[in-house]
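# Analysis of the macromolecular model
Chain by chain, the residues run as shown.
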Amino acid sequence: MTGMERMYYFAEFVLRVVYLNMLAITFSLLGLIFFGLFPAMTATFYIVRKWLTGYSDIKITKNFYTVFKQEFFKSNGVGWLLTLIGLLLYINLTIADVINHSLVQLSYFPILTIFVLFLFLCLFIIPIYIHFRSSFFSVLKHAFLLLFISPLNTVLMLITVSMFCMMMKTIPGFIPVCGLSGFVLIVMHFSLKTFEKVTLIQEIERKEVTL
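Calculation criteria
Starting afresh in each chain, residues are numbered from 1 along the sequence in its written order. With pLDDT at 70 or above as the cut-off, local features in this predicted model cover only qualifying residues; side-chain atom pairs require 80 or more to be listed or tallied, and sums for whole chains, interfaces and linings still use all residues. With hydrogens and water excluded, all non-hydrogen atoms of the structure serve as input to the side-chain values. The helix count covers DSSP runs of H or I at least four residues long, the strand count covers runs of E at least two residues long, and both are numbered beginning at the N terminus. Whether a residue is buried, partly exposed or exposed follows from its accessible area with a 1.4 Å probe, protein chains only, as a fraction of its type maximum: under 20%, in between, or over 50%, in that order. By definition, residues are in contact when any of their heavy atoms lie within 4.5 Å. Computed by Shrake-Rupley with a 1.4 Å probe, the accessible areas treat only the displayed protein chains as cover when residues are assessed. To obtain the arc, one takes the directions from the helix axis to the C-beta atoms. The disulfide criterion used throughout: a pair of cysteine sulfur atoms within 2.5 Å. For this analysis, a nonpolar core means a set of buried residues of the types Ala, Val, Leu, Ile, Met, Phe, Trp, Tyr and Cys, connected via side-chain atoms within 4.5 Å. Residues are called lining when one of their atoms sits within 4 Å of a cavity or pocket point, these points coming from a 1 Å grid over the protein atoms alone, where a cavity is a set in which a 1.4 Å probe fits but cannot get out and a pocket is an open set with protein on both sides within 12 Å along at least five of seven lines. Grid points are joined across faces, edges and corners, and a volume is the space filled by probe spheres set on the points. Under the scheme applied here, ten amino acids are nonpolar (Ala, Val, Leu, Ile, Met, Phe, Trp, Tyr, Cys and Pro), four are charged (Asp, Glu, Lys and Arg), and all others, including Gly, are polar.

## Focus on the overall build of the protein chain
Counting its regular elements, the protein chain contains nine helices and zero strands. Counting from the amino terminus, helix and strand elements in the protein chain follow one another as α-α-α-α-α-α-α-α-α. Each principal axis of the C-alpha distribution contributes one length, and for the protein chain these read about 65 × 55 × 35 Å. Burial status across the protein chain gives 37% buried among its 211 residues. Across the protein chain, contacts joining residues at least 24 apart in sequence account for 70% of those joining residues at least 6 apart. Carbon and sulfur atoms make up 73% of the accessible area of the protein chain, which totals about 13,000 Å².

The structure is reproduced here in structure tokens:
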């Protein structure tokens, strides 16, 4: 592949990422944000997963709308449940930080640990659901297990996501261009790396059983 061809494919990919971001924002607004954000994120993860697994010619708008419609109620239920849990953890963390009482302050680091693990868990929720199409409780179980299967990959994902969010905060003009789709692209990339490791471990275990 020549340099010009690489530039062409890169430019085409960037345009697709920008267009997908526009779709995610548009459908989030159609759902008045509160009801549109999580279905739009689920649809965005679906499209990005297809791209990263070799289906670069997928019809973006048609498939985005189909997934948005199919997952509207389920994604909202799961999304707002996780949001509520995260909010409660954050409130408890804030209380443990500001109240000047030894017993309350002792709970700060345990709550912080749970909160950080919860954030890690949330990053895996939609990718696991999109990739494996499991039930909610199965997704939660596998998301928790994946945190420890490839901890380095998980930490790299969190660092990259944090850097991306800092960039969006520094240059907010990029948010309508690639804010949502860029975030999803990072999370799905690292998630697929972890899924590949899980598959490799399963294959090794199967070979050991047959020996």
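## A look at helix α3 (residues 60-70)
Within α3, the full set of buried residues consists of Ile60, Phe64, Val67 and Phe68. Buried residues in α3, looked at end-on, bunch into an arc of 105°, giving them a common side. In α3, the exposed residues that point more than 90 degrees away from the buried face are Lys62, Lys69 and Gln70. Contact partners of the buried residues in α3: α1 (3-30), α2 (37-52) and α4 (72-98).

## Regarding the side chain of Ser191
Structurally, Ser191 is set in helix α9 (residues 175-210). Setting aside anything within four residues of it in sequence, one finds Ser191 in contact with Leu123, Phe124, Pro127 and Met157.

## Structural notes on the environment of Leu121
Here Leu121 is to be found in helix α6 (residues 108-132). Between the alpha carbons of Leu121 and His142 there is a distance of 9.4 Å; along the sequence they are 21 residues apart.

## A closer look at the state of the cysteines
All told, the structure shown has zero disulfides when counted by the stated rule. Of the cysteine sulfurs around Cys122, a residue in no disulfide, the closest is that of Cys165, at 13 Å. Cys165 takes part in no disulfide bond, and the closest cysteine sulfur to it belongs to Cys178, at a distance of 11 Å. Residue class for Cys165 comes out partly exposed when judged on its relative accessible area of 40%.

## Description of the side chain of Asn153
Take Asn153: it is sitting in helix α8 (residues 151-170). If we ignore the near neighbours within four places in the chain, the residues touching Asn153 are Phe190, Lys193 and Thr194.

## Focus on the nonpolar core
Grouped together as the largest cluster of nonpolar side chains are 52 residues, with contacts concentrated most on Phe45, Ile47, Trp51 and Phe64. Of all the elements in the fold, those that place two or more residues in this core are α1, α2, α3, α4, α6, α7 (136-149), α8 and α9. Tallying contributions element by element places α6 first for this core, with 12 residues. With residues near it in sequence (within four places) discarded, Phe45 still touches Ile126, Pro127, Ile130, Val184, Val187 and Met188.

## Topic: the environment of Asn92
Relative to the elements of secondary structure, Asn92 occurs in helix α4. It is 9.3 Å that separates the C-alpha atoms of Asn92 and Leu112, two residues lying 20 residues apart in sequence.

## As for the layout of surface pockets
Within this model, the largest pocket holds a volume of roughly 800 Å³. Lining the largest pocket are 34 residues; nearest its centre among them are Phe38, Leu82, Cys122, Leu123 and Ile126. If one sorts the elements of the lining of the largest pocket by residue count, α6 sits on top with nine residues. In the lining of the largest pocket, the residues fall into 24 nonpolar, eight polar and two charged.

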